[in-house]
Amino acid sequence: MLIYIHVPFCSTRCRYCAFFSNPLGRGVDPVSSPVVRDYIDTLFMEMAHWGDRLGGSTVQSVFFGGGTPSLLPPRVIGHIMERLGRYFKLAHKAEVTLEANPESLRGGHRVTQYLEAGINRLSIGIQSLDDSMLRMLGRPHKAQDSLHAAFLAREAGCANINVDLMWGLPGQSVRQWLQTLKDVMRMSPDHISAYGLTVEPGTPLELDVEEGRLILPPERDQNIMFMEGAALLEQHGYLHYEISNFARMGFQCRHNMGYWEGEDYLGLGPSATSTIGGQRWTNPASQRAWDMRARDGSLGQEVEVLDAQTRVLELLMLRLRTSRGLQVKAYREMTGRDFVRDHQRLVQALHENGLIRIRNGYLRLTRSGMLVSNSILSNLFARTREVLKQGLASGARPDVKPAVGTGAGSLGEAVLAERAVGQVAGQPGDMTAGAADAAAQDVVIPAGPLGHKRNARSRPEIRTVQWPKA
């Protein structure tokens, strides 16, 4: 399984952030903060709790997210890793990621100490290399800090570095975004996460946008940012392996790939979500309430049992985020049904408009399809709910995690799938070419680039999970 550890502390709260966090204030030493010490004590209690229930489970990856996990000193991270090793079995060469803000990596030996504590992958939250945009976002660092942090990480011997970037920022032009990517690539990170700005409800940034103090780039410009940015990164050797993620060969984030492929994961810390054995639960989004649950042994008692429909919808949502796509066989294993027959009109419309490809038994979103993924998913979800009202077919195994496969698929499966797409328009009662175009219009109207919402009203009604962020 995977383990996610939510570290809910930051020096100041970013103006776009909707994650649970507890700003300590600038200049506050986390080591001397009572709230941080209480957090560590409760985290160790929570580890012991799950160690008793899940002890001996093999852990493939550990991800320290936040907040700003790099506010915790290396020795504290080392203690946490030591406790994890006591309660669980860390796989050989397990991926261990630490999210870090650039300014928190100052000091020549800090990165080295994190590596010695067990970290082998750093995720540096750069977001932008424009100081005015960093101030607008409420980021506590400057562009120079980002360059220095990346240099220090490589100098210390970190062989796996991710940088987080944001596009579609207020006032940002296409040229500025592409120049940011060029400047970042000169830093030679192994992985780049490029997220379209999400204007979250209740944040200061949302208020500024709604009241007109900040203006988002036009929809057309944001579309170009995504399309040309992805093309630029791939030209320089970064594989576009997930909607918002790019990596050099062999440096895909194994932890996040685990989420997208449906692996079990245990979330530790306030607000963290877990999904294990078809059951899901979320810790309270309050350090005090989380502490009380840990002390009375009631963690994980409010459980949601994932039904067949939820499992199938999440299979579609997660697999279609990746460049590998959905293996048609996986849908059949879970439902006993044929994906192309169940969704033939939608598949035809998407295929004709260049939004999907079906090859070697896999259905993949094209880059244009990724741009409007939420619109596509909302249509898929609606049709899938209707189909599943008829029940699962014989031989369905919704409780079994479908195999991911190698990406090659079977030749027979590929031929059948592509032949089915070709035959859809010719079947009696199916859509005409004009009707296919009309159906496609329902699909390709985006709620926003990558399906990111402008505000709460424009968000498609898709039942999503708050996955720990990359």
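Residues numbered from 1 in each chain as written. Predicted model: local features only at pLDDT ≥ 70, side-chain atom pairs only at ≥ 80, totals over all residues. Heavy atoms only, no water.

A. Focus on the overall build of the chain. When its secondary structure is counted, the chain shows 18 helices and 17 strands. Per-residue burial over the chain gives 56% buried out of 470 residues. When the accessible surface of the chain is totalled, it reaches about 20000 Å², and 50% of it is carbon and sulfur. (Helix = DSSP H or I, 4+ residues; strand = E, 2+ residues; numbered from the N terminus. Buried < 20%, exposed > 50% of the residue type's maximum accessible area, 1.4 Å probe, protein only. Areas by Shrake-Rupley, 256 points an atom, 1.4 Å probe, with all protein chains shown as cover.)

B. Representation of helix α6 (residues 174-185) in the model. With twelve residues, α6 extends 17 Å from end C-alpha to end C-alpha; this agrees with the ideal 16 Å at 1.5 Å per step. Buried residues in α6 make contact with β7 (161-167), β8 (191-196) and α8 (219-235). (Expected span 1.5 Å × (residues − 1). Contact = heavy atoms within 4.5 Å.)

C. Layout of the side chain of D291. Of note, D291 is situated in helix α10 (residues 287-296). Engagement of the side chain of D291 in a polar contact is seen with the side chain of T42, the distance being 2.6 Å. The residues touching D291, leaving out its near neighbours within four places in the chain, are T42 and M45. (Polar contact = N/O pair within 3.5 Å; in protein donor to acceptor, adjacent residues only side chain to side chain.)

D. Just helix α12 (residues 328-335), in detail. Of the positions making up α12, those classed as buried are V328, A330, Y331, M334 and T335. Projected down its long axis, α12 shows its buried positions confined to an angular sector of 160°, all on one face. Packed against the buried residues of α12 are α11 (308-319), β15 (326-327), α13 (339-342) and α16 (373-388). Of the residues trailing α12, G336 is marked for its positive phi of about 75°. (Arc of directions from axis to C-beta.)

E. Main features of the pairing of β8. Across the six residues of β8, five count as buried, placing the element largely inside the fold. The pairing of β7 with β8 spans six bridges and is parallel. Bridge pairing in β8 places L165 opposite A194. Taken together, β7, α6 and β8 form a β-α-β motif whose crossover is right-handed. (Pairing = 2+ DSSP bridges. Right-handed = clockwise from strand over helix to strand, strands pointing away.)

F. Molecular detail of the pairing of strand β4 (residues 58-66). Where burial is concerned, most of β4 is hidden: seven out of the nine residues are buried. Sheet topology note: the strand β1 (residues 2-7)/β4 ladder contains six bridges and is parallel. Its bridge partner lying in β4, I5 is registered against F64. Of the strand pairs in this sheet, β4 and strand β5 (residues 89-100) are connected by six bridges, and their pairing is parallel. When the sheet's bridge partners are listed, T58 is paired in β5 with K89. What joins β4 to β5 is helix α2 (residues 74-87), and the crossover it makes is right-handed.

It is worth stressing that arrangement in space is one thing and function is another; only the former is reported here.
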